[in-house]
Amino acid sequence: MSLLTTATSTDVQEQQPRVAVLPIGSFEQHGRYLPLITDTAIACIISQEIASAYSVHLLPPITMSCSHEHAAFPGTVSISAKTLYAVIDDIRASLARSGIHKLVIVNGHGGNYVLSNVVQEANVDGPAVSLFPLGADWDRARDNAGLVSDRHADMHAGEIETSILLHAAPELVRDGFTDADHDGGSRPFLLVQGTSAYTQTGVIGFPSHATAAKGKAVLASLADSFAGHLEILGLSD
């Protein structure tokens, strides 16, 4: 699986897209069976699914983000929220100079809370940036794919993430997910204590229910949901 777009400058010139799609992942622990690049891979997979269905300018991913809640686990690397904000701001400015004034941020890591503020501020003068998938998009995809778990219980390295990778990049999934289920409970102080207070393995979710078929259905549902984001940005025509 290639995480990077292979489009040429000529391809973009001929396509003349009006919206760019920016995958944002992370470099953080995902248990013993999924790689540190899991969120980046998933953001890229979703973005590639979008690019195959819509005329968009697919960008390469931001591969490190705000993973501070996973700092207790080896291998995790974070950047600050202000750095992530600044990088996105620079990307938007560069896109605008090339004539692309709309951006959809495809977020693969739930801990990137700053992205909501990025989007809020960007849209003060009119729709310009959307964040995808939203909670409703994920919930719809879970329902359409017949997932057993819900979004809260299946927070990290669980049914949905493992299913997406089993379908789109099975070479990234190691043995061990079938017996790694862990219920992390209500997690009221996750932001204070971090993930390690609620799991010893790094897993919060139910990967034993994961299948490639579910992953394929999740991606199909997300691709359908993306149309609503184009519409709200004024790009549905």
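Refer to the structure above for everything that follows.
Here, residues in each chain are numbered from 1, in the same order as that chain's written sequence. The predicted nature of this model means local features are confined to residues of pLDDT at least 70 and side-chain atom pairs, given and counted, to a pLDDT of 80 or more, with totals for whole chains, interfaces and linings taken over all residues. By convention in this description, side-chain values take in all heavy atoms of the structure and omit both hydrogens and water.

Would you mind going over the overall build of the protein with me for this structure?
A run of H or I in DSSP counts as a helix once it spans at least four residues, and a run of E counts as a strand once it spans at least two, with each numbered from the N terminus. A tally of regular secondary structure across the protein gives eight helices and four strands. Overall, the protein shows an N-to-C arrangement of helices and strands of α-β-α-β-α-β-α-β-α-α-α-α. Radius of gyration here uses only the C-alpha atoms, and the compact-globule reference equals 2.2 Å multiplied by the residue count raised to the power 0.38. For 237 residues, the compact-globule estimate of 2.2 N^0.38 gives 18 Å, and the protein sits close to it at 17 Å. The principal-axis extents of the C-alpha atoms in the protein amount to approximately 50 × 35 × 30 Å. Residue exposure (1.4 Å probe, protein chains only): buried if accessible area is under 20% of the type maximum, exposed if over 50%, otherwise partly exposed. Within the protein, the proportion of its 237 residues that are buried is 49%. For this analysis, residues touch if any pair of their heavy atoms sits within 4.5 Å. Pairs at least 24 residues apart make up 77% of the contacts formed inside the protein by residues separated by at least 6 positions.

Quick question: what am I supposed to make of the layout of surface pockets here?
Any empty space left between the atoms is revealed when a probe the size of a water molecule rolls over them. In this structure, the largest pocket spans a volume of roughly 740 Å³. Along the walls of the largest pocket sit 29 residues, with H109, G110, G111, W138 and R151 positioned nearest its centre. Listed by contribution, the elements that provide at least two residues to the lining of the largest pocket are helix 2 (38-53), helix 5 (135-145) and helix 6 (159-168). Considering only residue class, the lining of the largest pocket consists of ten nonpolar, eleven polar and eight charged. Here a cavity means grid points, on a 1 Å grid over the protein atoms only, where a 1.4 Å probe fits yet cannot get out; a pocket means an open set of points with protein on both sides within 12 Å along at least five of seven lines; lining residues are those with an atom within 4 Å of a point. Grid points are joined across faces, edges and corners, and a volume is the space filled by probe spheres set on the points. The classification used treats Ala, Val, Leu, Ile, Met, Phe, Trp, Tyr, Cys and Pro as nonpolar, Asp, Glu, Lys and Arg as charged, and all other residues, Gly among them, as polar.

What exactly am I supposed to notice about the nonpolar core here?
A general tendency of soluble globular proteins is for nonpolar side chains to be buried together. Only buried residues count toward a nonpolar core. Its members are Ala, Val, Leu, Ile, Met, Phe, Trp, Tyr and Cys residues joined through side-chain atoms within 4.5 Å. Membership of the largest hydrophobic core comes to 39 residues, with the highest contact counts inside it found for I46, I50, L165, V218 and F226. Put simply, the parts of the chain that give this core at least two residues each are strand 1 (19-24), helix 2, strand 3 (102-107), helix 5, helix 6 and helix 8 (212-232). Ranked by size, the runner-up nonpolar core spans 20 residues in total, among them I24, V118, A122 and V129.

In this structure, what is going on with the pairing of strand 3? I would like to understand it.
Regular strands place their side chains on alternate faces of the sheet. The element strand 3 is extensively covered by neighbouring structure, given that five of its six residues are classed as buried. Looking at chain direction, strand 1 and strand 3 are connected through six bridges and run parallel. Bridging across to strand 3, V21 finds its partner in V104. Taken together, the four bridges between strand 3 and strand 4 (residues 129-132) define a ladder with parallel strand orientation. Across the sheet, the residue bridging to L103 is V129, located in strand 4. The pairing criterion is simple: DSSP has to find at least two bridges between the two strands.

Help me understand the pattern of salt bridges, please; the structure alone is not making it clear to me.
Note on pairing: side chains with opposite charge can pair once their charged atoms come close. Note on definitions: salt bridges are taken to be side-chain nitrogens of Lys or Arg within 4 Å of carboxyl oxygens of Asp or Glu. Evaluated as defined, the whole model comprises five salt bridges. For the salt bridge of R140 with D137, the shortest nitrogen-to-oxygen distance reads 3.4 Å. Here the residue R140 and the residue D137 both occupy positions in helix 5, the gap between them amounting to three residues, near one helical turn. Assessed through its relative accessible area of 6%, D137 is described here as buried. Note that D154 is salt-bridged to R142, the shortest N-O span being 3.1 Å. Separated by twelve residues along the polypeptide, D154 in the loop between helix 5 and helix 6 and R142 in helix 5 bring together distant segments of the chain. The two residues D154 and R142 agree in class, both being buried.

Which parts of the structure should I look at to understand helix 4 (residues 114-122)?
For an α-helix, 3.6 residues make a turn, and residues three or four places apart therefore share a direction. Within helix 4 the residues assigned to the buried category are V114, L115, V118, V119 and A122. In a view along the axis of helix 4, the buried residues occupy a sector of 140°, so they form one face of it. The elements touched by buried residues of helix 4 are strand 1, helix 3 (81-97), strand 3 and strand 4. By arc we mean the arc of the directions from the helix axis to the C-beta atoms, nothing more.

Help me understand the packing of aromatic side chains, please; the structure alone is not making it clear to me.
Both the distance between ring centres and the angle between the ring planes are used here to describe each pair of aromatic rings. Think of it this way: a Phe, Tyr or Trp ring, Trp meaning its six-membered ring, pairs with another when their centres are within 6.5 Å, and the plane angle makes it stacked under 30 degrees, edge-to-face over 60, tilted otherwise. Per the counting criterion, the structure on display carries three aromatic pairs. For the pair Y54 and F226, a centre-to-centre distance of 5.1 Å together with 55° between the ring planes defines the contact as tilted. Here Y54, found in the loop between helix 2 and strand 2 (57-58), pairs with F226, found in helix 8; they are 172 residues apart in sequence, far enough to count as distant. Judged by its relative accessible area of 0%, F226 is buried.

How do you make sense of helix 2 when you look at a structure like this?
Each residue after the first adds 1.5 Å to the expected span of a helix. For helix 2, built from 16 residues, the straight-helix expectation of 22 Å at 1.5 Å per residue is met to within 8% by its first-to-last C-alpha distance of 23 Å. Of the positions making up helix 2, those classed as buried are T38, D39, T40, A41, I42, A43, C44, I45, I46, S47 and I50.

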